[in-house]
Amino acid sequence: IPSLRPNFLQQQLQTRIKLPGIPSNSASNNLLLILTLPLSFSKMSKTGLNGSSGLNGSAKLFVDQATGSKHAYTPGKATILALGKAFPSQVIPQECLVEGYFRDTHCDDPAIKEKLERLCKNTTVKTRYTVMCKEILDKYPELTTEGAATIKQRLEIANAAVVEMAVEASLACIKEWGRPVGDITHVVFVWPKDIAENNPGSRVLLTTSETTILGYRPPNMARPYDLVGAALFGDGAAAAIIGADPLPNVEDPFMEDLPQKIEDNIEEFCKKLMEKEDLKDFNDLFWLFTPEVLRYLPIRVQSEVEN
């Protein structure tokens, strides 16, 4: 969302989550807001967290933020230490979506309605949470007018909703983590693995928040993709705290080194799936690999697959 600039987000998070205030031009304090990686590293100072030198994990001495003890640091793998989530208050059961959507957008096209009903029935989605609600439509009736210029109104709604959900998800994540909010060293809106592994003691709060309000408009047969979005998607936010070398008896990590776990388990997973259909050999099936899966599939298995 163009209007959600870093300074605005930083201010909101500092105020709402009670993160310690930091100068916007300093890179070695307790909060670092990064919107692009890895280019942001070029702007960081040569002094890392806790006074260590460099960003490559080469520091020989590390001061533990929790205990104050000093010990040698060996870079570890990033782990997920906690998760949090948040949703808008508006809940829409799937069986009520079509009637409500067509009523609110003043659409009475039976062909479009039948198509959306079919899509909703086939998705297996039961409920969804949405920012859009009667109060918003009453305040901004132009949102339901085809072709109306409404980007300003949509951004006004989205700005507040995105920040609100991000804050709630972050607070829930910090609560599950169980450590003081002041121990958060970075707030990131992109993938934080390198930060967590290359900055000793760092604890990265990763937050994502999304609303479909920007794409809300009356259904139109010329835009079938709008119907797919209406049938599938809702709004919400999620947060995770990422860090390497978790503190014993304080932090409870999971999904450590996820790529390795996938590689270690994917062959057995495929075999169990084949057993359900009484298939014994890999070549009893035709295989279609996405690049992501192929990267983790053991070479031995790849060499056995001919189809």
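Residues numbered from 1 in each chain as written. Predicted model: local features only at pLDDT ≥ 70, side-chain atom pairs only at ≥ 80, totals over all residues. Heavy atoms only, no water.

Undergrad: Help me understand the packing of helix H3 (residues 110-122) against helix H7 (residues 224-232), please; the structure alone is not making it clear to me.
TA: When two helices pack together, their arrangement is captured by the angle between the axes and the distance separating the axes. Where H3 contacts H7, the axes come no closer than 9 Å and their chain directions differ by 40°. Classified by the angle their axes make, H3 and H7 are oblique. The crossing of H3 and H7 is right-handed. Residue-level contacts link Ile-112, Lys-115, Leu-116, Leu-119 and Cys-120 of H3 to Pro-224, Leu-227, Val-228, Ala-230 and Ala-231 of H7. Broken down by class, the residue content of the contact of H3 with H7 amounts to nine nonpolar, no polar and one charged. (Axes fitted to C-alpha atoms, helices over the stretch in contact; angles between N-to-C directions. Helix = DSSP H or I, 4+ residues; strand = E, 2+ residues; numbered from the N terminus. Parallel < 35°, antiparallel > 145°, perpendicular 65-115°, else oblique. Left-handed = near helix turned anticlockwise from the far one by under 90°. Contact = heavy atoms within 4.5 Å. Nonpolar A, V, L, I, M, F, W, Y, C, P; charged D, E, K, R; others polar.)

Undergrad: Sorry if this is basic, but what is going on with H3 here?
TA: The α-helix winds at 3.6 residues per turn, so residues separated by three or four positions along the chain end up facing the same way. Between its first and last C-alpha, H3 extends 18 Å over 13 residues, near the 18 Å set by a 1.5 Å rise per residue. Within H3, burial applies to Ile-112, Leu-116 and Cys-120. Down the axis of H3, the smallest arc covering the buried residues is 70°, so these residues share one side. For H3, the exposed residues set more than 90 degrees away from the buried face come down to Pro-110, Lys-121 and Asn-122. Those residues of H3 that are buried are in contact with helix H2 (94-104) and H7. The distance from a side-chain oxygen at the start of H3 to the backbone nitrogen of Ala-111 is 2.9 Å, and the residue carrying that oxygen is Asp-109. (Expected span 1.5 Å × (residues − 1). Buried < 20%, exposed > 50% of the residue type's maximum accessible area, 1.4 Å probe, protein only. Arc of directions from axis to C-beta. Polar contact = N/O pair within 3.5 Å; in protein donor to acceptor, adjacent residues only side chain to side chain.)

Undergrad: For this particular structure, what's the right way to read the packing of aromatic side chains?
TA: We describe a pair of aromatic rings using the distance from one ring centre to the other and the angle between the two ring planes. Across all of its chains, the model carries four aromatic pairs by this definition. Ring centres of Tyr-101 and Phe-102 lie 6.0 Å apart, and the angle between their planes is 85°; on these two criteria the pair is classed as edge-to-face. Tyr-101 sits in the buried class, given a relative accessible area of 11%. Residue classification places Phe-102 among the buried positions, given a relative accessible area of 5%. Site record: aromatic cluster; members linked through ring pairs are Tyr-101, Phe-102 and Tyr-216. (Phe/Tyr/Trp six-rings, centres within 6.5 Å; stacked < 30°, edge-to-face > 60°.)

Undergrad: Would you mind going over the side chain of Glu-197 with me for this structure?
TA: By secondary structure assignment, the location of Glu-197 is in helix H6 (residues 193-198). For Glu-197, a relative accessible area of 12% puts it in the buried group. Here the side chain of Glu-197 touches Ala-78 through a polar contact of 2.8 Å, landing on its backbone nitrogen.

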